[in-house]
Amino acid sequence: MNSFTLSVIFEGRELPWGIRDILKTDAELLIPPKWADEIQISLSDTPNSDALLLVINGPLSPELRNIYYNSLRHAVPIAGICFMKEPEDDNAVLDLVENSLCWNFSSANKGRELLQN
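Residues numbered from 1 in each chain as written. Predicted model: local features only at pLDDT ≥ 70, side-chain atom pairs only at ≥ 80, totals over all residues. Heavy atoms only, no water.

**A few points about the packing of helix α2 (residues 62-73) against helix α3 (residues 91-98)**
Where we set the bar: Every angle, taken between N-to-C directions, lies between 0 and 180 degrees, and every axis is a line fitted to C-alpha atoms, over only the stretch in contact when it is a helix. Counting from the N terminus, the helices are DSSP H or I runs at least four residues long and the strands are E runs at least two residues long. Any angle that is under 35 degrees is reported as roughly parallel, and any over 145 degrees as roughly antiparallel; angles of 65 to 115 degrees are reported as roughly perpendicular and all others as oblique. Every residue pair with non-hydrogen atoms within 4.5 Å of one another is taken to be in contact. Following the grouping adopted for this structure description, the nonpolar residues are Ala, Val, Leu, Ile, Met, Phe, Trp, Tyr, Cys and Pro, the charged ones are Asp, Glu, Lys and Arg, and the polar ones are all others, Gly among them.
Where α2 contacts α3, the two axes come as close as 10 Å, and the packing angle between them is 50°. One element, α2, and the other, α3, form an angle in the oblique class. The residues of α3 that touch α2, namely those facing R65, Y68 and Y69, are A92, D95 and L96. Here the residues of the contact of α2 with α3 are counted per class, giving four nonpolar, no polar and two charged.

Here it is in structure tokens:
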């Protein structure tokens, strides 16, 4: 059985309008890639993750930065979605932006669209 594990990690800063809960629920309902029999969603840093999605709200916290660099070191594919706009002075986020791996959202619906794509 082929399984795909996606870690969805939220920045510690609270997102408005219940966006965190909405995105968390949507992540748990994602359909696995065609090659996988199932998808497992982890809402914490999992050493066995096949991919990492960072939900960013401002500059990365030390914890999120550590997760980013550990995943990068282990060649785990990483993407990010930023609430409103990406922090301009954060090298980790700028790296994602420069590699077209980071997108912005300003509402729950836009965040849901990005998560599902």
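Next, the rest of the story.
**Observations concerning the side chain of S7**
Note the cut-off: Working definition: with a 1.4 Å probe on protein chains only, accessible area under 20% of the residue-type maximum means buried, over 50% means exposed, and in between means partly exposed. For this analysis, a polar contact is any N or O atom pair within 3.5 Å, provided that within protein one partner can donate a hydrogen and the other can accept it, and provided that sequence-adjacent residues contribute only side-chain to side-chain pairs.
Its location among the elements puts S7 in strand β1 (residues 3-10). Given the relative accessible area of 1%, S7 is considered buried. Among the polar contacts listed, one links the side chain of S7 to the side chain of S49, at a separation of 2.3 Å.

**A short note on the nonpolar core**
Where we set the bar: Definition of nonpolar core: a set of buried residues of the types Ala, Val, Leu, Ile, Met, Phe, Trp, Tyr and Cys, connected through side-chain atoms within 4.5 Å.
Counting 20 residues, the largest nonpolar core has L6, V8, I19, L23, L53, V55 and F105 as its most contacted members. Among the elements of the structure, β1, α1 (19-28), β3 (51-56), β4 (78-83) and α4 (108-116) are those that each provide at least two residues to this core. No other element matches β1, which puts four residues into this core. Those residues in contact with V55 that lie beyond four places of it in its chain are V8, I9, F10, E11, L15, L23, I81 and F105. In this structure, L64, Y68, V93 and L96 belong to the second largest nonpolar core, which totals 15 residues.

**Considering α1**
Definition in use: What the arc measures is the spread of directions leading from the helix axis to the C-beta atoms.
Of the residues making up α1, those classed as buried are I19, L23, D26 and A27. One side of α1 holds all its buried residues, which, seen down the axis, span an arc of 100°. On its buried face, α1 sits against β1, β2 (38-42), β3, β4, β5 (102-105) and α4.

**Quick word on the packing of aromatic side chains**
The criterion, for reference: Pairing of aromatic rings covers Phe, Tyr and Trp, the last counted by its six-membered ring, and requires centre-to-centre distances within 6.5 Å; plane angles under 30 degrees mean stacked, over 60 mean edge-to-face, and any other angle means tilted.
In this structure the tally under the stated criterion is four aromatic pairs. Centroid distance W17 to F83: 6.0 Å. Interplanar angle 65°. Geometry classified as edge-to-face. Of this pair, W17 sits in the loop between β1 and α1 while F83 sits in strand β4, placing them 66 residues apart in sequence. Here the aromatic cluster, defined as three or more aromatic residues joined through ring pairs, consists of W17, F83 and F105.

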